[in-house]
Amino acid sequence: MVRTKTDFESALDLLVLKILARRGPMHGYGIAQQIESISEEALRVEEGSLYPALHRMEESGWIDAEWATGEGKRRARIYQLTVAGRRQLRAEEERWSRVSGGVSRILEFA
Amino acid sequence: MGWTRRFVNLFRQDRLAAEFEEEIAFHLEERTRELAERGSAAPELEARRRFGNTLRQCEAMREARLIGWMDDLSRDLRHAVRLVRRNPIMTVAAAGALALAIGGTAAVFSVLDAAILRTLPVPSPDRLVRLTYPGKPLPSGSEEADQFSYPLFRSLRENAGHDATLFAASGVRRTDAGVGSIQEALSVQYVSGEAFGVLGVQPALGRLIQPYDDLTPGAHPVVVLSYRCWQRHFGASPEALGRNLTLAGTELEIVGVAQPGFDGTEVGAPADLWAPTMMMGSREMVTERGYRNFVVFGRLRFGVFPEQLAARLQPVFTASLYEEIGGRWRSRAEMPPQVLAYLQSKLAARPAAHGTSGFRRRFSTALWMLAGVAGLVLMVACCNLANLMLAHASARRGEMEMRVALGASRSRLLRQVFTESALIAALGCAGGFVLAIASAPALLALLDRPDAPARLALGPDLRVVAFVLLAGVVASLFLGALPAWRACLSRPGGSVRERLEARGLSGRVFVFAQVALSFVLLAGSSMFIISLNNLLTLPAGFERRDLLLADLIVDGPMPASETRIRAAWEDLRLRIGGLPGVRGCAYSRWSLLSGARSTMPLSRSGESVEAMILPVSSGFFETMGTKLQKGRDFLPGEEEREVIVNHALARFWFGNVDPVGKQFPYGGRRLTVVGLSEDARYYSLRESAPPMIYLPGGTDAYATYAIRTSASPVDMDARLRRELANSGAPLRVRRMRTQSEEVADTMVREHVMARLSSFFSFIAMVLACLGVHGVLSCLVARRTHEIGVRSALGAPRSRIARAVLGHVSPAMILGLIAGGLLTAGLARFTESMLFGLRSSSPLPFCLAGGLLVLAGLAAGAIPVVRAIRVSPSTALREC
């Protein structure tokens, strides 16, 4: 059913969760913009791949989505973090810091 | 949340797709606007480029929102349904054949289950046992007997102690019963007082028979109804309690109703009423050692083995045997070896979780065999279907290759192929299930005796359902296997020739398998048909046409004077004999094939034999059509000093000397032989005539009248009752039937096997023909071009025909040979059911082979004709 996520996908998840936690609810386009601007254009994800990730996270229960009518006729889907999402974010952050800490230590002392 | 929503989304796919598109459209708009603000030349294109493959992302989003495998499955199913709709004929033929095969097998299985496999509906049936001992050896071999006399049962019961609790149950007989003015024949079983307690049956109303109902003969007028009888005859009303019921002339009070679902210990002969053994018709049944009417059951105490119980009761049993017949001889030295062996019979305790069943004894072999037959037909049907599916798959190879080219994985292809075969199999199963439920009662009706129909609880049992499902799964796997293998092999642009060759081979392999299996079935059914014919036409030693049999019994209590009752029997005989249209009348204690018998061991000069004893009236031989070769018939009112013997006995006892006038020892006396009759079948049509001792007119409580007349049984019944009423004799008619019916009753099994096996083998043969036809049609269709070329080059028609037939004839010949070998191997198992025919007899083989060859030729005729008719110019144009 759910295949194990690739590293890329888990990194993307982490980014999305962090952004939603920091900046509050926003739609997919907004999240893509944020990723670009925060990482100073270093991370230019293929934009399309964001949406499957968003839907996957929504199925996992980490984010909630709602349709909202913005300016003009187009509706936009607004995502926001859930309680479970916050927990997942904390867990993922810890994991990242562990991994990266380990890597930096190796680089220092190897 | 998760699962249910994902499941629901399966049905909302259009809406989902629209939503995805909308979301992406929003993104693209915003991006386009932003790029336009930044001064891009083609903002829309740029936005799309940066977004990536919209279709792929939509697909990924969809995957995230659905249950993946279910979505695939629904797709496959829809595809399969579309395929089915496009080829209705193929589907109907395939599913129909499968339904027939599965239905037949399931019907046989459900009867098997109800008669043989199901246990009694009581707690812990595996602790129930039944006592048996080796039966007196019949001419054919010994069987186990389980009938005990009541006094013996009593001793056994006392001696069982703590190891087990025993109870006795009589057989189930149909008896006239009446409530108020309504009379009907109901099934009655007499049980001892502790029976219901030992079995663990609960009352649904009132109480059941208790030990205190079973103390003194005739002193406990109580009866218990079965639940079904209570529903049917008393409308399940509590008012039934306390009402009086007349049973065979005795008035009994209804004291209770048994729990629903319990029908007694005899499977196939459910009881409507239970009465205490003490209330059996005549006292002698429960007081005399000579009457063996009861089966003895027991419930073992936990931890006790059946052998322990048997060992414990052995001394009592042996002592009783000595008492019963040991007294005829003065010392052991005088006893014939048979008698000695009999006195040493070992008691055994057999598991009785399935109760007893005469039905089971008679039909279990036949039923298992029918199950085997149906299974073979199922296999033939599966072969046929696999062939069909294969042809179908070949036609779709283009589609398969396209899928592979588009990136479908092997597993995906396999899944689709198996879904298709599963759909057809499911249709076949559903049809088969319905067919099974409809035909199981019909199968049972075929096996029935008209007077005592076997009533089995057939019905959609879990086991039958499970069986059908299993058959369906196996069938779908089998059907899908080859096409699946073919699908796995499909490569874009694979070699055409290679595929064609391979296809031809597997088609022929299936033909081989079908021909072999059909051969087995046809040979088997020929054997049964020949056996049946032998049985029907064998000279029985008596004339069975125009012969009516009437069972009569003394009505009410036995009159004290023996001579009075004998005079009554004789008087009735004369009256009936005098009726218009009656060419002869006589009576005997039992009819020839009733299944009851009285035997006596005889030994002379080292050889021993079991002789049958039958008391008959004067005029018996003439009425029955059995010739008296020497001497004379009994005179009316004969004293028991004279005897008539048959050929078999005379040859054994007297050798080649004329026995008339000689003395014959019987029961310690010496009787004079006054007549010699020809051999006539007795007790069983299949056994050759046993040595018979006919005694003059000594019948007391019951007799069977043989009436030679062309009148119908109904007609005769009315006249007989009138005569009885006129004569005022204390006799009652229990049953009226024709001799032919009685004969047919003993041959039910053979009839059923012959009929059903030929039905099944006919189906198998038709399926095999369809297989041959299919393979040849495909061949001709594929090679039309080649045939056209050959024909244009001058090949004569006969060569073309031979070539076409030659494609499939090696397979058929091999199939015939394999079938012959298989039949020879399996024929051993049918030996017990054949008559007048050895299992190695060549006749069935020849019949089967001949039929199949003819059928194969007929099946191949159409494709061959089509091949011959191929016009070269048309064929070449169509390349």
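Above this text you will find the structure in question.
Just so you know, these numbers come straight off a predicted model, no measurement behind them.

Novice: Just to check I follow, could you spell out the pattern of salt bridges for this structure?
Specialist: Counted according to the given criterion, the structure contains 37 salt bridges over all chains. The salt bridge involving A:Arg77 is made with A:Glu58; its shortest N-O contact spans 3.0 Å. Of the two residues, A:Arg77 sits in strand β3 (residues 75-81) while A:Glu58 sits in helix α3 (residues 50-60), which places them 19 residues apart along the sequence. As far as burial versus exposure is concerned, A:Arg77 and A:Glu58 are alike and both buried. When the shortest N-O distance is used, the salt bridge between B:Asp71 and B:Arg75 registers 3.9 Å. Residue B:Asp71 and its partner B:Arg75 are located together in helix α5 (residues 68-86), separated by four residues, close to a single helical turn.

Novice: Just checking my understanding: could you explain the pairing of strand β23 (residues 702-709) of chain B for this structure?
Specialist: In regular strands, side chains alternate between the two faces of the sheet. Residue and element names in this part refer to chain B. Where burial is concerned, most of β23 is hidden: seven out of the eight residues are buried. Note that strand β14 (residues 547-554) and β23 share seven bridges and pair antiparallel. From the neighbouring strand, aspartate 551 faces β23, where its bridge partner is threonine 704. Bridge count between strand β15 (residues 582-588) and β23: six bridges; the pairing is antiparallel. Among the inter-strand pairings, serine 588 is bridged to a residue of β23, identified as threonine 704.

Novice: Help me out: how do you make sense of the packing of aromatic side chains in this one?
Specialist: The relative placement of two aromatic rings is captured by the distance of their centres and the angle of their planes. Applying the stated criterion across every chain yields a total of 22 aromatic pairs over all chains. Aromatic side chains B:Trp653 and B:Phe664 sit 5.4 Å apart centroid to centroid with 75° between the ring planes, which places their arrangement in the edge-to-face category. Of this pair, B:Trp653 sits in helix α20 (residues 647-654) while B:Phe664 sits in strand β20 (residues 663-666), and the two are eleven residues apart along the sequence. Taken as a pair, B:Trp653 and B:Phe664 share a single burial class, namely buried. Note that A:Arg75 overlies the ring of A:Trp67, its terminal NZ or CZ placed 4.3 Å from the centroid.

Novice: Please clarify how the interface of chain A and chain B should be interpreted in this entry.
Specialist: Frequently, the measure chosen for interface size is the accessible area that the parts lose on association. Of the residues lining the interface, 24 residues belong to chain A; the matching set on chain B comes to 25 residues. Taken together, the two surfaces of chain A and chain B that pack against each other cover about 2,700 Å², and 49% of this comes from carbon and sulfur. Looking at the side of chain A facing chain B, the largest losses of area belong to A:Tyr29, A:Glu59 and A:Arg74, adding up to 27% of the total buried there. Our enumeration of links across chain A and chain B arrives at three salt bridges. Note that A:Glu58 and B:Arg65 form a salt bridge whose closest N and O atoms lie 3.3 Å from each other. Contributing elements (two or more residues each) for the side of chain A that touches chain B: α2 (28-38), α3 and β3 of chain A. Take the side of chain A that touches chain B: its biggest share by element is six residues, from α3(A). For the side of chain A that touches chain B, the per-class residue count stands at eight nonpolar, six polar and ten charged.

What counts as what
- Positions within a chain are numbered from 1, following the residues in the order the chain's sequence is written.
- For naming, the first written chain is A and the first written ligand is 1, with later ones following in the order written.
- The predicted nature of this model means local features are confined to residues of pLDDT at least 70 and side-chain atom pairs, given and counted, to a pLDDT of 80 or more, with totals for whole chains, interfaces and linings taken over all residues.
- The basis for every side-chain value is the complete set of heavy atoms in the structure, and neither hydrogens nor water enter the calculation.
- Salt bridges are defined as contacts in which a side-chain nitrogen from Lys or Arg sits within 4 Å of a carboxyl oxygen from Asp or Glu.
- Counting from the N terminus, the helices are DSSP H or I runs at least four residues long and the strands are E runs at least two residues long.
- Only protein chains enter the area calculation, which uses a 1.4 Å probe; residues under 20% of their type maximum are buried, those over 50% are exposed, and those in between are partly exposed.
- Being paired, for any two strands, means DSSP has found at least two bridges between them.
- Under the pairing criterion, centres of Phe, Tyr and Trp rings, with the six-membered ring standing for Trp, must be within 6.5 Å; the plane angle then separates stacked pairs below 30 degrees from edge-to-face pairs above 60, leaving the rest tilted.
- Only when the NZ atom of a Lys or the CZ atom of an Arg is both within 6 Å of the ring centre and within 35 degrees of the ring normal do we say a charge sits over the ring.
- Between two residues, a contact is recorded if the distance between any of their heavy atoms is within 4.5 Å.
- Each of two parts loses accessible area, computed with a 1.4 Å probe, when they are put together; buried area is these two losses added.
- Three categories are distinguished: nonpolar for Ala, Val, Leu, Ile, Met, Phe, Trp, Tyr, Cys and Pro, charged for Asp, Glu, Lys and Arg, and polar for the others, with Gly belonging to the last.

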